[in-house]
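Reading the structure
Residue strings, one per chain:
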Amino acid sequence: DTAVSQTPKYLVTQMGNDKSIKCEQNLGHDTMYWYKQDSKKFLKIMFSYNNKELIINETVPNRFSPKSPDKAHLNLHINSLELGDSAVYFCASSQWAGGSSYEQYFGPGTRLTVT
Amino acid sequence: DAKTTQPPSMDCAEGRAANLPCNHSTISGNEYVYWYRQIHSQGPQYIIHGLKNNETNEMASLIITEDRKSSTLILPHATLRDTAVYYCIVRSDYNNNDMRFGAGTRLTVKP
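In short, a report on the structure. Quick caveat, the model's predicted, so the values are computed rather than measured.

With 26 residues of chain A at the interface, the matching set in chain B holds 22 residues. With both chains or domains summed, chain A and chain B bury close to 1800 Å², and 46% of this area falls on carbon and sulfur atoms. At the boundary of chain A and chain B, one finds 2 residue pairs in polar contact (both at pLDDT 80 or more). Broken down by secondary-structure element, the contributors of at least two residues to the side of chain A that touches chain B are β4 (31-37), β5 (43-50), β6 (53-57) and β9 (87-94) of chain A. Sorting elements by how many residues they give to the side of chain A that touches chain B places β4 of chain A first, with 4 residues.

The following block contains the structure:
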């Protein structure tokens, strides 16, 4: 009955490879997010999807592409991986209604290591 | 960039109240104060949020000053499992996505 789940939990890959991280939420939320937490532990938002539409792209390289097949899923595809992409990636979801603020629920994270 | 200032670390004795301060002197009228925590590299966990009034739930209490320029998160009876990094975030009511994490406060609860 996990609310927000991510797969895989750990991902080790070589530079130049293409990889995907999957996220699913069973909370019925209509907004999903991807965050990156680097080695200094700063947590930064990367993308947000509301009803399958991208509504934030915080200066993320275009090697990163979020894909949302439906509002319960937001996958993160990364092309041509670089050493600097090594980080923990968190998926989150929330309900959104214009003019109202709702808390975000986070997944357990995916630790990506690029060698 | 984060709009809040928090002490980098605090200690608290187990069973005592933990009071975590946050300064948000540039907060605007439509911005809420949110608190999240992150326990040892797990995903951040929502704790509480408020606009003007003090708030309480099963996890914590949030005290917001009258001028809204600062707030305090109170964990009434801290346990060892409350050891975590606590983030104070101000966020607009009209922009659900504008949640920017700062460095937070690393709270260590000691036996």
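Residues and elements named next belong to chain B. Within the fold, Ser-71 resides in strand β7 (residues 70-75). Overall, the relative accessible area of 3% leaves Ser-71 in the buried class. Here the side chain of Ser-71 touches His-24 through a polar contact of 2.9 Å, side chain to side chain. Every residue in contact with Ser-71, bar those within four places of it in the chain, is listed here: Leu-20, Pro-21, Cys-22, His-24, Val-33, Trp-35, Leu-62, Ile-63, Ile-64 and Cys-88.

Applying the stated rule across the entire model yields 12 aromatic pairs over all chains. Judged by centre distance (6.0 Å) and plane angle (80°), the ring pair of Phe-106 of chain A and Tyr-36 of chain B falls under edge-to-face. Here Phe-106 of chain A is found in strand β10 (residues 105-106), whereas its partner Tyr-36 of chain B is found in strand β3 (residues 31-38) on a different chain. Assigned by exposure class, Phe-106 of chain A and Tyr-36 of chain B land together as buried. Positioned above the aromatic ring of Tyr-34 of chain B, the side-chain terminus of Arg-91 of chain B is 4.5 Å from the ring centre.

Residues and elements named next belong to chain B. Taken in spatial order, the 5 strands of this open sheet run β1-β9-β8-β3-β4, and their pairing is mixed. The open sheet has two edge strands, β1 (9-13) and β4 (45-50), and neither has a second partner. Each strand of the sheet is rotated relative to its neighbour by a mean of 25°, with strand direction disregarded.

This next bit is on the pairing of β4 of chain B. Residue and element names in this part refer to chain B. In the sheet, β3 pairs with β4 via 5 bridges, with the strands oriented antiparallel. Residue pairing for β4: Arg-37 is matched across the bridge by Gln-45. Linking two consecutive strands that pair antiparallel, namely β3 and β4, is a turn of 6 residues; a positive phi of about 35° is found at His-40 within it.

Moving on: the pairing of β7 of chain B. Residue and element names in this part refer to chain B. Looking at chain direction, strand β2 (residues 18-23) and β7 are connected through 6 bridges and run antiparallel. Its bridge partner being in β7, Asn-19 is matched across the sheet by Ile-74. Two strands pair when backbone bridges link them, and strand β6 (residues 61-64) and β7 are joined in this way by 4 bridges, in the antiparallel orientation. Opposite Ile-64, over in β7, you have Ser-71 as the bridge partner.

Right, let's talk about the nonpolar core for a bit. Counting residues in hydrophobic clusters, the biggest one holds 21 residues, and the most contacted among them are Trp-35, Leu-73, Tyr-86 and Leu-107 of chain B. Going through the elements one at a time, β2, β3, β4, β6, β7, β8 (84-92) and β9 (105-110) of chain B are the ones with two or more residues in this core. For this core, the element with the most residues is β8 of chain B, which contributes 4 residues. Setting aside residues no more than four positions away along its own chain, Leu-73 of chain B makes contact with Ala-18, Asn-19, Leu-20, Trp-35, Ile-47, Ile-48, Ala-60, Ser-61 and Tyr-86 of chain B. Core analysis: the next-biggest nonpolar cluster, separate from the first, contains 20 residues, Val-4, Phe-47, Leu-81 and Tyr-89 of chain A among them.

The rules we used
Residues numbered from 1 in each chain as written. Chains lettered and ligands numbered in written order. Predicted model: local features only at pLDDT ≥ 70, side-chain atom pairs only at ≥ 80, totals over all residues. Heavy atoms only, no water. Contact = heavy atoms within 4.5 Å. Buried area = accessible area lost by both parts, 1.4 Å probe. Polar contact = N/O pair within 3.5 Å; in protein donor to acceptor, adjacent residues only side chain to side chain. Helix = DSSP H or I, 4+ residues; strand = E, 2+ residues; numbered from the N terminus. Buried < 20%, exposed > 50% of the residue type's maximum accessible area, 1.4 Å probe, protein only. Phe/Tyr/Trp six-rings, centres within 6.5 Å; stacked < 30°, edge-to-face > 60°. Lys NZ or Arg CZ within 6 Å of the ring centre and 35° of its normal. Pairing = 2+ DSSP bridges. Axes fitted to C-alpha atoms, helices over the stretch in contact; angles between N-to-C directions. Core = buried A, V, L, I, M, F, W, Y, C linked by side-chain atoms within 4.5 Å.

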